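Residues per chain, in single letters:
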Amino acid sequence: MIEFKNLSVGFHHQTVLSNLNGEIAEGKLIALMGINGVGKSCFLKTMTTMNPPISGELKIDNVDIKDISSLEMAKIMAVVLTDKIQADFLRVEELIRLGRSPHTNFWGGLSENDNQTLDDVIKLLKIESIYDRYFCDLSDGQKQKVLLARALVQGPRYLFLDEPTTYLDIPSKIELMKILKIVSHEKKMGVFFSTHDLNLIEDTVDEIWLIDSEGVLHKKSPVDMHLSGLLQKNFNI
Amino acid sequence: MKVRPLITIFSFLLITTLLVFILFAYGDAGFTLDNEVVLWQLRFPKIIVGLLAGGMLASAGLLLQVFFQNPLAGPDLLGINAGSCLGVAIAIMGARFIPPALVEVSLPAMAMLGALAVFLLLGFLVQKNISRISLLIMGLLIASFASSFISILVNMTPSLQVKNFLVWSMGSFQGLTVTELPLFYALSFLGILAMMILPKKLNQYIIGENYAKSMGVNVRAFKIILILVCSYLVAVVTAYCGPIGFIGIIAPHIARTFIKRSDIRFVMPAVFLVGSILALFTELILIFTSPYSLTTNSILGLIGAPVIALYLFKERRML
């Protein structure tokens, strides 16, 4: 369980959002919404420990994140980011295998167990056919799946995704949502992602977290969120 | 799956060995194998120096390209060579101010200091999110700043020391005498050892700093180590062989074009070998063209510039 109390997030010592409270449990699928510039990325960066919290508590299983080493953290959570990957001659196989690196030895060789994890994830995402391709030759949808595969083989208990559906076409969006649902409900991972695709997530996610224009975080089930009128108010729909 | 990288590395190894044998048997004195002095005092040192220096420069280029996520990064284009040069210029031309006991160490030390200074400046700019193109321009600016500074030093210094410096600044794998070799071995060995701790982290770093962090890499510590190792490699080579251009930037491209992987565990030895091959090949050309007394850098420039141009042409999405 990831818990945060009175959390303030921001960057360069500048607070963007403050007084945030909530928890992310394993097995839950949660979508983070909010208009551009409201601080979604900032919030996500702090939750994934890329930026330190400005103040307040952020704990995983009652341990403060400051007391968790970055290697231990790599085994607890994995991320899919919007960062562009620029390496040429990077094969899908090599990229996915990298996800296993927190578990491997000094040289990064894979064990029997590591290979098993790889196989399972590849089957789950059905990416056998692109396994030998170069990453830069893939379509956006395929790239997103490969990045997801890399995160999954890391063997995390929590998965964080920064706007994973943004550049995808409709079928790819739906497929990605299905996979995230399987990962959270069957594999019991805590999945947390930011998105703007309201109609895509309403039937899928367990909770919607909305940061409104005043910087207040609302957490409700999709139905309650709909009834509350907060979405209409914040997105002018 | 792993056949191609291994075959590529093996082929590079074969070419290197071949070049070593040719250069050992054939030299300015023609084809000889029985003159001990020529073999061990003249040919052997330059082969070893070419082998190690070429390899280390190439590896430094690879480290830089990963660090800056920029395929055009290399010790010369980023001005790290120039920084090293300035350090050496100060060491050579200021030799009269240095106690005699320290003169032998002052060269590599100053080369290292110069390289490190430039690298730290560039690292600082990268932290400030400078664009890739600005970074390359920064490299050019540093190089021209260093060369202006050097020319001022040249004007203020007695001619003997200037001559020493100018000879050094032409760049050559032949400048080392047999007595200097042991120290060069030791320094190179240390550099190669230092490189061998990097592959796993470099692999994680290839897909970006944030991903590396999320996979448990202490990015700050890793960057510092990378900066130190890279400056060290460039400095050792530059101190003994002078500023050698192009190997650092083209060797990684040549190696990757053949190996077609990005896994550093395969790429790094391949890059090292390509660097050695380039250095030894240049030596071979120097022997064939010995009546014209060409310089190492002019030959490397003739090979290197078209290779980079070709790469730029092929790779439209790089900048």
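Calculation criteria
Residue indices begin from 1 for each chain and proceed along its sequence in written order. Think of it this way: whatever chain is written first is A, whatever ligand is written first is 1, and the rest follow in order. Thresholds applied to this predicted model are a pLDDT of at least 70 for local features of residues and 80 or more for the giving and counting of side-chain atom pairs; totals over whole chains, interfaces and linings are not thresholded and use all residues. Secondary structure follows DSSP: runs of H or I at least 4 residues long count as helices, runs of E at least 2 residues long count as strands, and numbering of each begins at the N terminus. We take the radius of gyration over the C-alpha atoms and set the globule estimate at 2.2 Å times the residue count to the 0.38 power. Residue burial here comes from a neighbour count, namely the number of other C-beta atoms, placed from the backbone, that lie within 10 Å of the residue's own C-beta, with 20 or more meaning buried, 12 or fewer meaning exposed, and in between meaning partly exposed. Whether two residues are in contact is decided by their C-beta atoms, placed from the backbone, lying within 7 Å. In short, DSSP must find at least two bridges between two strands for them to pair. Take the number of residues in a helix, subtract one, and multiply by 1.5 Å to get its expected span.

Caption draft 1: Quick look at the overall build of chain B. Helices and strands together make up the secondary structure of chain B, namely 13 helices and 2 strands. For chain B, the C-alpha radius of gyration of 19 Å lies close to 20 Å, the compact-globule estimate for 319 residues. Once the C-alpha set of chain B is aligned to its principal axes, its extents read approximately 55 × 50 × 35 Å. Within the span of chain B, comprising 319 residues, buried residues form 47% of the whole. Nonlocal contacts in chain B, meaning residues at least 24 apart in sequence, comprise 80% of its contacts between residues at least 6 apart.

Caption draft 2: The pairing of strand S3 (residues 29-33) of chain A, seen in detail. Residues and elements named next belong to chain A. Counting buried positions along S3 gives 5 out of 5 residues, so the element sits mostly inside the fold. Burial along S3 is two-sided: the residues Leu29, Ala31 and Met33 and Ile30 and Leu32 are all buried. Where S3 lies against strand S8 (residues 190-194), 4 bridges are found, and the strand directions are parallel. Considered in S8, the bridge of Leu29 is made with Val191. Inspection of the sheet shows S3 paired to strand S9 (residues 207-211) by 4 bridges, in the parallel sense. Opposite Ile30, over in S9, you have Glu207 as the bridge partner.

Caption draft 3: Region of the structure containing the pairing of S9 of chain A. Residues and elements named next belong to chain A. By the criterion of burial, S9 is predominantly enclosed, with 4 of the 5 residues buried. Pairing of S9 with strand S10 (residues 217-220), which is carried by 4 bridges, proceeds in the antiparallel orientation. Residue pairing across strands places Trp209 opposite Lys219, the latter belonging to S10. Here S9 folds back onto S10 in antiparallel fashion, the turn holding 5 residues, of which Gly215 has a positive phi close to 85°.

Caption draft 4: Fine view of helix H11 (residues 247-259) of chain B. All names here are of chain B. With 13 residues, H11 extends 18 Å between its outermost C-alpha atoms, agreeing within 8% with the 18 Å of an ideal straight helix rising 1.5 Å per residue. Of all 13 residues in H11, 10 are buried, a share of seventy percent or more. Considered for burial, the residues of H11 that qualify are Ile247, Gly248, Ile249, Ile250, Ala251, Pro252, His253, Ala255, Arg256 and Ile259. Where H11 is buried, its residues contact helix H1 (3-25), helix H2 (36-67), helix H12 (264-288) and helix H13 (296-314). The first or second residue beyond H11 is Lys260, which carries a positive phi of 50°.

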